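# Remarks on the overall topology
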Amino acid sequence: MTEAVPQDMALAALIEAARAAPQLPSELINSAYAIEKAHQFDESRETPLRLLQKLVEEFVAQSEARQ
Amino acid sequence: MKLIRLTLTNFMPYKGETILDFPQDPDRNTLIVLGDNMRGKTSLLNGIRWAFYQKAQGRHLRAIPLHLMPNRDAVAEGDWTMEARIEFEAGGVYYDLRREAKKRATVSRPDRPEDYQVFAFMKKDGAAVAASDIEAEINRFAPEQVSRFFLFDGELLQEYEELLVEGSEQGKKIKDAIEQALGVPALINGRDDLQALWKRAQKEQGKEASLVAGLEAVAESFSKWSARRDMFEADIVTLKAQQVAVREERRSLEDSIAESESVYAHKIELDAKRERLKQIFTGIESKESFKRSLAADAWRDLVRPRLLKKRDQLQARLAGASKLASQQAKLQYQIEHLQEHLGDSVCPTCGQRVENVDRAAQQRQLDDLLGERAALAWCDVNSEDIAARHRALEKVLSTSVRSRVRDADSDLSNLEVESARVESRIDELEEELFEQNPDAVIRMRQRLQAVTRDEAKGQIEIEDREKKLAEADREIQSLTQRMNARAGQNSTRAAVMSKIFGALHGVFDASIDNLRTNLRAIVEKNATDAFLRMSTQKSYRGLSINANYGLTILGPDGECVPLRSAGAEQVVALSLIDGLSRANRAPGPVVMDTPFGRLDTKHRHNILSYLPDSARQFILFVHDGELGESAGMESLAHRIGGKYEIQEVSSNQSRLRRMS
């Protein structure tokens with residue numbers, strides 16, 4: 001019996017949809033998805049909201065620093 | 001994930017410690033637990049469920065209250081501690097998960113769920129896991145939402161059949177559960193979380209815009225629409241919460257009404273029996289009164305033998321009188337005939353002359369007849385008088401008082417027996433209705449009507465607010481674009497954040513439909529593979545999935561097969577569960593409780609041949625009617641890695657015995 005875990009279909013669907021938003025780097029999308037996947041069954045949305053806010057703030061800060 | 005051992009202590013019918021070892025050999029990965037109904041098969045499934053999720057389900061998939069779960073005999077002995085422990089392996093790590101319920105120290109006799117405290121303990125490769133991390137750890141390999149694909153019973157299988165009913169409430173609930181298990185929540189939550197952050201950033205952007213010269217009016221309009229959007233969102237949250245409460249009340253009322261149907265029926269029967277009892281008492285009174293009235297005629301029975309004799313005599317005389325009258329009439333006719341002949345010398349018939357010799361003979365005959373008539377005359381009787389006396393006697397004798405009393409007694413006995421029966425049934429019904437309130441059922445029905453109306457009204461209000469919210473969203477997007485266009489290259493931090501959150505939200509939003517489409521395709525393929533292995537009808541082409549994940553059988557020419565048997569429904573449901581399970585998770589255990597109720601032997605054989613290959617471990621809790629030596633066990637013989645039997649100890653206790 002194989003132990004292979006099927007591919008992450010949700011991530012695959014997200015990457016497929018991201019083709020329509022090329023301005024968003026794939027790392028940002030992957031990181032946002034990782035936060036949501038880790039907290040998908042959390043009753044409270046407080047933690048994922050805080051982590052997403054931080055993720056985008058850091059991304060914007062890095063982008064500004066690069067400019 | 002692979003299950004290693006389940007240990008139950010005072011858990012439901014299992015008093016003391018009960019151990020169930022799961023098979024570890026991949027070639028013999030099937031475990032059979034045989035047990036009669038009501039012996040504790042479902043309790044084993046609940047043992048696993050409770051250890052993982054602190055939940056146990058009874059009939060109709062309802063949660064079993066905690067205080068009803070500890071073994072009754074243990075409780076009677078003052079032991080209120082219950083435990084379920086599951087040892088398993090996942091991702092190469094050994095887990096030991098223990099959940100314990102204990103009576104609170106301040107409670108003497110617990111009779112409510114809150115009278116217990118529950119503690120969870122987990123060890124991961126021997127190292128303790130913090131209590132706050134246990135649920136997250138379980139969610140990594142077996143989130144509760146996925147449990148419906150590996151812990152299920154016949155009732156849950158039936159629930160899947162609801163998926164075929166387009167628009168059904170239950171179908172929507174299961175669809176949501178399926179999507180939760182398939183990873184859709186990560187995207188849905190992501191979309192909603194990003195939308196919340198996007199709105200926050202937009203508000204910030206609006207505030208900043210109000211300080212920019214030339215953007216004041218746009219910022220003011222933005223602020224106004226933003227406030228309206230907040231108001232509509234708050235309304236929707238409130239209305240949806242109200243809808244949840246109303247829906248919950250409706251379901252609860254429907255359940256209560258369904259449960260109290262018997263109370264209602266008993267109440268109707270009780271009223272009818274009471275009415276019948278009244279009629280019986282009236283009947284008894286009437287019969288007794290009738291019997292009393294018969295006493296006045298009792299003398300008739302005393303003289304009855306004599307009256308009977310007299311009647312017989314009268315009857316004989318009446319018969320004699322009748323015979324006499326007949327003889328007299330006959331004689332009279334003959335006399336008159338002869339007299340007529342003698343007065344005429346020509347025969348009236350042939351017209352010939354009558355000889356004197358003949359006339360003399362006729363005269364002699366006439367004389368004889370006249371003599372006979374004279375002889376009969378002296379015994380003439382008054383037949384009218386006899387007949388009248390006979391009629392009077394018949395009337396008196398028509399029914400004896402005795403037989404009428406006997407009939408009345410018989411009727412009375414029947415009524416008394418019936419009254420005893422009815423009274424006994426009334427006692428039973430009153431006992432059953434004791435502490436029940438049949439009038440409450442009527443009130444519940446009325447309340448249900450009102451709640452159903454409220455639910456429909458609430459839905460209309462939600463739709464209205466959603467339309468207004470969509471309008472506010474459109475206005476805000478338009479205003480945001482105007483603010484962005486004005487800012488150009490000099491976008492503020494808030495504007496940049498708003499753009500990124502907006503773009504991320506758009507990607508997550510679009511991905512949900514992508515995922516659903518892909519999931520349906522893969523579930524349809526997996527379920528079709530499973531169905532073709534399990535179905536006995538080899539001409540079927542496969543299964544077709546609908547938007548709810550409901551499956552329809554495709555016939556030989558690809559046409560939908562609209563009607564299917566209960567057995568086929570079960571095979572389709574199993575195919576769906578297998579298809580869903582394999583769509584997004586590694587092979588794991590499948591634990592099934594009494595799943596084969598509606599399957600014929602061939603389907604059972606096919607399923608039992610397939611599932612041990614599909615699952616990492618295949619655990620079956622069955623009764624021998626479902627899987628006896630002659631009912632499918634041979635299909636599994638080479639895959640069985642363990643076999644147990646549930647034995648009855650008492651009405652409150654069962655124990656597991658390992659058979660192999």
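What this report covers is the structure whose coordinates are included nearby. (Residues numbered from 1 in each chain as written. Chains lettered and ligands numbered in written order. Predicted model: local features only at pLDDT ≥ 70, side-chain atom pairs only at ≥ 80, totals over all residues.)

## Quick look at the environment of Ala201(B)
Residue and element names in this part refer to chain B. Among the structural elements, Ala 201 can be located in helix α6 (residues 184-209). Residues Ala 201 and Phe 501 lie 300 residues apart in sequence; the distance between their C-alpha atoms is 7.9 Å. For Ala 201, the residues in contact, after removing those within four places along its chain, are Ala 494, Met 497, Ser 498 and Phe 501. (Helix = DSSP H or I, 4+ residues; strand = E, 2+ residues; numbered from the N terminus. Contact = placed C-beta atoms within 7 Å.)

## Some details on helix α1 (residues 41-53) of chain B
Residue and element names in this part refer to chain B. When the terminal C-alpha atoms of α1 are compared, their 18 Å separation across 13 residues agrees well with the 18 Å that a helix rising 1.5 Å per residue should span. Most of α1 is tucked away, with 12 of its 13 residues classed as buried. Buried within α1 we find Lys 41, Thr 42, Ser 43, Leu 44, Leu 45, Asn 46, Gly 47, Ile 48, Arg 49, Trp 50, Ala 51 and Phe 52. Within two residues after α1, Gln 54 carries a phi angle of roughly 55°, on the positive side. (Expected span 1.5 Å × (residues − 1). Buried ≥ 20, exposed ≤ 12 C-beta atoms within 10 Å, placed from the backbone.)

## Let's talk about the packing of α6(B) against helix α7 (residues 216-259) of chain B
Residues and elements named next belong to chain B. Put simply, α6 and α7 touch, their axes get as near as 8 Å, and they point 150° apart. Regarding α6 and α7, the two cross each other, and that crossing is left-handed. Contacts between α6 and α7 pair Lys 203, Gly 206 and Ala 209 from the former with Val 218, Ala 219, Phe 222, Ser 223 and Ser 226 from the latter. When its residues are assigned to classes, the contact of α6 with α7 shows 4 nonpolar, 3 polar and 1 charged. (Axes fitted to C-alpha atoms, helices over the stretch in contact; angles between N-to-C directions. Left-handed = near helix turned anticlockwise from the far one by under 90°. Nonpolar A, V, L, I, M, F, W, Y, C, P; charged D, E, K, R; others polar.)

## A word on the packing of helix α14 (residues 493-534) of chain B against helix α16 (residues 601-614) of chain B
All names here are of chain B. Where α14 contacts α16, the axes come no closer than 8 Å and their chain directions differ by 135°. One element, α14, and the other, α16, form an angle in the oblique class. Where α14 abuts α16, its residues Ala 530, Arg 533 and Met 534 lie against His 603, Asn 606, Ile 607, Tyr 610 and Ser 614. (Parallel < 35°, antiparallel > 145°, perpendicular 65-115°, else oblique.)

## Brief notes about the sheet that holds strand β13 (residues 640-650) of chain B
All names here are of chain B. An order of β8-β11-β12-β3-β13-β14 is seen for the 6 strands of this open sheet, with the pairing classed as mixed. Since the sheet does not close on itself, it has two edges, and those belong to β8 (151-153) and β14 (653-658), each with one partner. The average undirected angle you get between the axes of adjacent strands in this sheet is 20°. Bridge count between strand β3 (residues 30-34) and strand β12 (residues 617-622): 5 bridges; the pairing is parallel. By the bridge assignment, Leu 34 is partnered in β12 with Val 622. (Pairing = 2+ DSSP bridges.)

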